[in-house]
Amino acid sequence: MFGLSELAIILIVVIALVLAKKGPELARNAGKSARILKAEARAMKEAEEQQATDTPSRVIQGETIPNRTEHPPADGTRP
C-alpha cells in the first residue's frame, strides 16, 4: 500500500501536470480580471468625486425644540 508521503508526491505530480497545461491560460485570465477590476474601481472613484463636486451640500431649514426634562401630562393634553 501507499504511505502518506507517496500519496503526497503523486498529488504534487498530478497538480504540476495540470498546471503545465492550464497554468499560462489561468495566469492570463487572472491578469485580465485584475486589470478590469482595477479599471472599474478607478471609474467608481472618479464618478464619486465628480458627483461630490457637482452637487452642493444641502441645508435643510427647520426649527429646534428645546430639551424638556418634564414629562407630558397623563391625559394626553399639551402643556
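What this report covers is the structure whose coordinates are included nearby. Bear in mind the structure is a predicted one, so any value in this text is a computation, not a measurement.

Conventions we followed
Numbers given for residues are sequential positions, taken from 1 along each chain in its written order. Per-residue local features are limited, in this predicted model, to residues with pLDDT of at least 70; the limit for side-chain atom pairs, both in listing and counting, is 80 or more; totals at the level of whole chains, interfaces and linings are taken over all residues. Computation of side-chain values covers all heavy atoms of the structure but excludes hydrogens and water. By definition, any uninterrupted DSSP run of H or I lasting at least four residues is a helix, any uninterrupted run of E lasting at least two residues is a strand, and each is numbered from the N terminus. Surface accessibility follows the Shrake-Rupley procedure with a 1.4 Å probe radius. Residue values consider only the protein chains on display as shielding. By definition here, a helix of n residues has an expected span of 1.5 Å times n minus one. Think of it this way: the bend at a residue is just the angle between two axes, each fitted to seven residues, one set ending at that residue and the other starting at it. Patch building starts from residues that exceed 30% relative accessible area and form no salt bridge, then joins like charges within 9 Å and nonpolar side chains (Val, Leu, Ile, Met, Phe, Trp, Tyr) within 5 Å. One speaks of a salt bridge when a side-chain nitrogen belonging to Lys or Arg is within 4 Å of a carboxyl oxygen belonging to Asp or Glu. Relative accessibility thresholds used throughout: buried, under 20% of the residue-type maximum; exposed, over 50%; partly exposed, between the two (1.4 Å probe, protein chains only).

## Remarks on the overall build of the protein
Item 1. Helix and strand counts for the protein come out as 1 helix and 0 strands.
Item 2. When the accessible surface of the protein is split by element, carbon and sulfur atoms take 62% of a total near 8,100 Å².

## Description of helix 1 (residues 4–54)
Three- or four-residue spacings in an α-helix give side chains the same orientation, since the helix completes a turn every 3.6 residues.
Item 1. End to end, helix 1 covers just 65 Å across 51 residues, shorter than the expected 75 Å (1.5 Å per residue, more than 12% under).
Item 2. Where helix 1 bends most, the angle comes to about 60°, and this point is lysine 22, followed within four residues by the proline proline 24.

## Here's the deal with a nonpolar patch on the surface
Item 1. A contiguous nonpolar patch, built from Phe2, Leu7, Ile10, Val14 and Val18 and spanning about 470 Å² of accessible area, is present on the exposed surface.
Item 2. Looking at the secondary structure, you find valine 14 in helix 1.
Item 3. Overall, valine 14 belongs to the partly exposed group, its relative accessible area being 43%.

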